[in-house]
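# Observations on the three-dimensional arrangement
Chain by chain, the residues run as shown.
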Amino acid sequence: MRMRAKKWARPELAACPYFIKEPAANRGKWAAAFRKKQPLYLELGCGKGGFLAQLAFENPDINFVGIDLISDVLAVARRNIQALYDQNERPVENVLLTSIEITRIELDFSEKDVADRIYINFCNPWFKHSQHKKRLTHPFQLEKYRAFLKDGGEIWFKTDDDALFEDSLLYFEEAGFQVLRKTADLHNEPDWPENVMTEHELLFTEKGIPIKAAI
């Protein structure tokens, strides 16, 4: 379901100090856009920002870039992030938001932008075989991430879709990634590393749909 247009979205983003209006201008120097030099994590498709807000707030020693394409969605993410930080009387210093077409991420990130971790949560499964190259876990995309993901860096992936999950496990190996952990039922995995739930994850879990995950 497409989000209803929000007239306030673009003005709020334009006034937001942590919204990057021209991401290509930061190519090769994303670290300098933050107040502190810290490890860099990316969320590809940050949506309404619930996951990003909580993760960033709980990890002030890590810098986060939340990426999505739609301004209305990013504006909601900005409000959610700002609300959490305001409630706890902390300035937003370790989060940046930006609008990027992720399938062309190489135009906005280079090998100089060293990311320690990439999160891909509940991305579009693109069911038709002719569309598979658009999947954010497809080898075509994974090769682009490798340019700026540091050696030993990780991709954390979650989905509700069985076919996308199985295909993605093959994609990771095909692109030269080692699958360190995987589960077909994340919420019944007792010793899984920390898990911050996304908006989609809450909805799918309420419907009894197991969450698939891999690192």
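The notes below deal with the structure included here.

The tally for this structure, following the rule as stated, stands at one cavity of 30 Å³ or more. Taken as a whole, the largest cavity holds about 110 Å³ of empty space. Around the largest cavity sit 14 residues that line it, and Tyr 119, Trp 156, Lys 158, Glu 194 and Asn 195 are the ones nearest its centre. Within the residue set of the lining of the largest cavity, elements represented by two or more residues are helix H2 (50–58), strand S5 (115–121), strand S6 (149–159) and strand S8 (212–214). With three residues, the top contributor of residues to the lining of the largest cavity is S6. Broken down by class, the residue content of the lining of the largest cavity amounts to ten nonpolar, two polar and two charged.

To continue, consider the nonpolar core. Counting residues in hydrophobic clusters, the biggest one holds 65 residues, and the most contacted among them are Leu 42, Leu 44 and Tyr 145. In terms of residues, this core owes the most to one element, H2, which gives six residues. Not counting residues within four places of it along the chain, the set of residues in contact with Tyr 145 comprises Leu 44, Ile 102, Ile 105, Ile 118, Ile 120, Leu 136 and Ile 155.

Further remarks concern the packing of H2 against helix H3 (residues 71–87). One way to put it is that H2 packs onto H3 with a least axis distance of 8 Å and a crossing angle of 35°. In the packing of H2 onto H3, the handedness of the crossing is right-handed. For the pair H2 and H3, the contacting residues are Leu 52, Ala 53, Gln 54, Ala 56 and Phe 57 in the first and Asn 80, Ile 81, Leu 84 and Tyr 85 in the second.

With that settled, the discussion passes to the pairing of strand S2 (residues 40–44). In terms of burial, S2 is largely enclosed, as five of its five residues are buried. On S2, burial covers both faces: Leu 40, Leu 42 and Leu 44 on one face and Tyr 41 and Glu 43 on the other are all buried. Relative to strand S3 (residues 63–68), S2 runs parallel, the two being bridged by five bridges. Bridge pairing in S3 links Leu 40 to Asn 63. As a crossover connection, the stretch from S2 through H2 into S3 is right-handed. Here S2 pairs with S5 via four bridges, running parallel. When the sheet's bridge partners are listed, Leu 42 is paired in S5 with Ile 118.

So, how was this worked out
Residues numbered from 1 in each chain as written. Predicted model: local features only at pLDDT ≥ 70, side-chain atom pairs only at ≥ 80, totals over all residues. Heavy atoms only, no water. 1 Å grid on protein atoms, 1.4 Å probe; cavity = no way out; pocket = protein on both sides within 12 Å on 5 of 7 lines; lining within 4 Å. Points joined across faces, edges and corners; volume = space filled by probe spheres on them. Helix = DSSP H or I, 4+ residues; strand = E, 2+ residues; numbered from the N terminus. Nonpolar A, V, L, I, M, F, W, Y, C, P; charged D, E, K, R; others polar. Core = buried A, V, L, I, M, F, W, Y, C linked by side-chain atoms within 4.5 Å. Buried < 20%, exposed > 50% of the residue type's maximum accessible area, 1.4 Å probe, protein only. Contact = heavy atoms within 4.5 Å. Axes fitted to C-alpha atoms, helices over the stretch in contact; angles between N-to-C directions. Left-handed = near helix turned anticlockwise from the far one by under 90°. Pairing = 2+ DSSP bridges. Right-handed = clockwise from strand over helix to strand, strands pointing away.

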